[in-house]
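Listed below are the residues making up each chain.
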Amino acid sequence: MLKIKNLTTVFGTKKVLDDISLSVDKGQIAVLLGSSGVGKSTLLRVLNNLEKCGQGEVFLDDKKLDLTTVNQTHTIGMVFQNFNLFEHLTVEQNITLALEKVQNMTPEKAHDIAIKLLTSYGLKDKGKSYVSQLSGGQKQRLAIVRTLALKPNVICLDEPTSALDPLLTTYVAGTIQELAAQGFVVLVATHDVMLLEKLSCTIHLMKDGKIIESADSKAFFNNREQYKKLNDFVAGTQEA
Amino acid sequence: MIDFNLVSDSLPFLLRGALVTLQIAGLGCLFGITFGTFLGLLHSGKNKIICWLITMYVILIRGTPMLMHIMFAYYVLPQLGIELPVFWAAIAAISLNSAAYVSQIIKSGISAVSSGQKEAAKTLGFSSAQIAWYIVLPQAFRIVLPALGNEFITLIKDSSLASIIGVAELMREGSIIKSRTFDAISIYCAVALIYLVMTTTLSIFINQLEKRMNRHVKN
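Residues numbered from 1 in each chain as written. Chains lettered and ligands numbered in written order. Predicted model: local features only at pLDDT ≥ 70, side-chain atom pairs only at ≥ 80, totals over all residues.

1. Looking at the environment of A:Arg146
Residues and elements named next belong to chain A. Position of Arg-146 relative to the elements: it lies in helix α5 (residues 136-148). On the neighbour-count criterion, Arg-146 (27 C-beta atoms within 10 Å) is buried. Separated by 134 residues in sequence, Arg-146 and Gly-12 place their C-alpha atoms 33 Å apart. Setting aside anything within four residues of it in sequence, one finds Arg-146 in contact with Asn-94 and Ile-95. (Helix = DSSP H or I, 4+ residues; strand = E, 2+ residues; numbered from the N terminus. Buried ≥ 20, exposed ≤ 12 C-beta atoms within 10 Å, placed from the backbone. Contact = placed C-beta atoms within 7 Å.)

This is how it looks when you write it as structure tokens:
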């Protein structure tokens, strides 16, 4: 279980994360929902040591995490909004580079892992292609595979469907659900209500760096008024 | 007008000079690119004092002529207790001059690589040095290759300045033959042609390298 306790982050004089507390079990999906600039991505970036954590604690299976070392221990992985794939490398090299250079794996072993993952995500025949030769959906899958190859306990996805069409959104929702089914703790930051409709998850509504309401996704989607409220909240026209 | 017999007789001397020109330009390029890349990486970092020092170095080198750097290396350094043979004095001056320009070219290449890729590499556990070596520099070099190519072509031509301190490079060899034969037109046309062959060959090589390094970019 991932437990975040009273996490606060300040940029200059602005509190971008204000006393955030939440827990996510293994095999569960937590979605941070809110309009732009409410701190969803910042929370994921703090967990991935891309921003400094001000105050608060993070626990994984009741063991306190040192966020400054999560990148080296590969406890938490991140899939970025713009994928941030390495454009000068082939699809396979995008996966094997970290395995070989960070985890000191042999090229053969890294190759085997890459092929296995690429096959599971329908990218086997793209191993020798370059990133620029992939479609948006394929890039998204490669970004997920690159993170999965390092076997993190927690996977963070930042706006995973912002660059995708509705059909691919359905596919990505299936992939996220699958990640949870494999036992990962999954954290998703999004403002895409269409993605939420396809996920079985806990929704945390965020505003001004705070989590203002948390509920199971069914509670929002089985109730018309709640659903409208959710849409209005994302559009920034309702306080929740 | 052009005495081809004289050119033919002078060719071994001119080619010997061309070889020295290539050695000066090649070594100047090698040291310049190594030192320049190092400076470019440091200049792209966050240490303000180091950035300021590199900026001062670049201002100093870019604001003064290469001829003066060559004179400095050959005539001033011995007075400071550093005595270099004439060939190495020329290479030291050209390398230090080139490094200033290369550092700025590399810096622009580094800033053109998306910060997102650097962040992704960080989350994958790469160290800062590994991010620079495996992610940033290969892409930065691809981006700045045309600019680096221009710099090295300029270096081949500027190496002729080393003739001032007596390095027997192509220009110097040509001038010696001209002062012996007084046939300036034949000798200098031959010298110009050899420079043209060297710079054109380098241009073709850089174009090929550019195509190879851009193979991952979608047409």
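2. Some details on unusual backbone geometry
Across residues other than glycine, the phi torsion is negative in most instances, and most of the peptide bonds are trans. Residue and element names in this part refer to chain A. Residues other than glycine seldom take positive phi values, yet Asp-61 does so here, at roughly 50°. Residue position: Asp-61 is located in the loop between β4 (55-60) and β5 (63-64). Under the C-beta neighbour-count criterion, Asp-61 is labelled exposed, with 11 such atoms within 10 Å. Positive phi outside glycine occurs at His-74, with the angle close to 55°. Within the secondary structure, His-74 sits in the loop between α2 (70-73) and β6 (76-79).

3. Some words on the nonpolar core
Counting 118 residues, the largest nonpolar core has A:Val31, A:Cys156, A:Ile176 and A:Val186 as its most contacted members. With 14 residues, the top contributor of residues to this core is helix α4 (residues 86-112) of chain B. Here this core spans two domains, since at least three of its residues come from each of domain 1 (1-75 + 155-162 + 184-240) and domain 2 (81-151) of chain A. Core analysis: the second largest hydrophobic core is formed by nine residues, B:Leu14, B:Ile177, B:Ile187 and B:Tyr195 among them. (Core = buried A, V, L, I, M, F, W, Y, C linked by C-beta atoms within 7 Å. Domains from an automatic or database assignment.)

4. With respect to the domain arrangement of chain A
Residues and elements named next belong to chain A. Split by domain assignment, chain A resolves into domain 1 (1-75 + 155-162 + 184-240) and domain 2 (81-151). One C-alpha centre belongs to domain 1, the other to domain 2, and the line joining them spans 26 Å. Each side of the interface is counted separately: domain 1 has six residues, and domain 2 has five residues. Along the lines of polarity and charge, the residues of the side of domain 1 that touches domain 2 split into two nonpolar, two polar and two charged. (Nonpolar A, V, L, I, M, F, W, Y, C, P; charged D, E, K, R; others polar.)

5. As for the interface of chain A and chain B
Residue-level contacts link 21 residues of chain A with 18 residues of chain B. Counting only elements with at least two residues in the side of chain A that touches chain B, the list comes to α2, β6 and α3 (91-101) of chain A. A total of three residues in the side of chain A that touches chain B trace back to one element, the largest contributor, which is α3(A). Residue composition of the side of chain A that touches chain B, grouped by class: nine nonpolar, 10 polar and two charged.

6. Examining the sheet that holds strand β2 (residues 14-24) of chain A
Residues and elements named next belong to chain A. Strands sit in the order β2-β1-β4-β5 across an open sheet of four strands; the sheet is antiparallel. In this open sheet, the two edge strands, each paired with only one partner strand, are β2 and β5. Across five bridges, the pairing between strand β1 (residues 2-11) and β4 is antiparallel. Bridging from a neighbouring strand, Leu-2 pairs with Leu-60 of β4. Packing of helix α1 (residues 40-47) onto the sheet brings it into contact with β1, β2 and β4, and relative to β2 it is tilted by some 70°. (Pairing = 2+ DSSP bridges. Axes fitted to C-alpha atoms, helices over the stretch in contact; angles between N-to-C directions.)

7. Looking at the sheet that holds strand β9 (residues 202-207) of chain A
Residue and element names in this part refer to chain A. Strand order in this open sheet of six strands is β6-β7-β8-β3-β9-β10, and the pairing throughout is mixed. Single-partner strands in this sheet number two, and they are β6 and β10 (210-216). Within the sheet, the average angular offset between the axes of one strand and its neighbour, ignoring direction, is 20°. Two strands pair when backbone bridges link them, and strand β7 (residues 154-158) and strand β8 (residues 185-190) are joined in this way by five bridges, in the parallel orientation. Across the sheet, residue Cys-156 finds its bridge partner in β8, namely Leu-187.

8. Points about the confidence of the model for chain A
Here chain A averages 88 in pLDDT, and 98% of its residues register 70 or above. Element-level pLDDT for chain A is lowest in helix α9 (residues 224-235) of chain A, with a mean of 77, against a maximum mean of 96 in α3(A). (pLDDT = per-residue confidence, 0-100.)

9. Here we look at the pairing of β9(A)
Residues and elements named next belong to chain A. Where strand β3 (residues 29-33) and β9 come together, four bridges link them in parallel fashion. Each bridged residue has a counterpart across the sheet, and for Ala-30 the counterpart in β9 is Thr-202. Here β9 pairs with β10 via six bridges, running antiparallel. Counterpart to Thr-202 in the pairing with β10 is Asp-216.

10. Things to note about the packing of helix α6 (residues 128-158) of chain B against helix α8 (residues 184-213) of chain B
Residues and elements named next belong to chain B. The geometry of α6 relative to α8 is characterised by a closest axis approach of 10 Å and an angle of 170° between their N-to-C directions. One finds that α6 runs roughly antiparallel with respect to α8. Contact residues: Arg-142, Leu-145, Pro-146, Gly-149, Phe-152, Ile-153, Ile-156 and Lys-157 in α6; Tyr-195, Met-198, Thr-199, Leu-202, Ser-203, Ile-206, Leu-209, Glu-210 and Met-213 in α8. Partitioning the contact of α6 with α8 into residue classes produces 11 nonpolar, three polar and three charged. (Parallel < 35°, antiparallel > 145°, perpendicular 65-115°, else oblique.)

11. Looking at the packing of helix α7 (residues 170-181) of chain B against α8(B)
Residue and element names in this part refer to chain B. Between α7 and α8, the shortest axis-to-axis distance is 9 Å and the interhelical angle comes to 165°. As judged from the angle between their axes, α7 and α8 are roughly antiparallel. The two elements α7 and α8 meet at a crossing, and its hand is right-handed. Contact residues: Leu-170, Met-171, Gly-174, Ile-177, Lys-178 and Thr-181 in α7; Ala-184, Ile-187, Tyr-188, Val-191, Ile-194 and Tyr-195 in α8. Its residues assigned to classes, the contact of α7 with α8 shows nine nonpolar, two polar and one charged. (Left-handed = near helix turned anticlockwise from the far one by under 90°.)

12. A few points about helix α5 (residues 115-123) of chain B
The set of residues buried in α5(B) consists of B:Gln117, B:Ala120, B:Ala121 and B:Thr123. Viewed end-on, α5(B) has its buried residues packed into an arc of 160°, placing them on one side of the element. Residues of α5(B) that are buried sit in contact with α2 and β6 of chain A together with α6 of chain B. Where α5(B) terminates, the next one or two residues include B:Gly125, which has phi positive at roughly 95°. (Arc of directions from axis to C-beta.)

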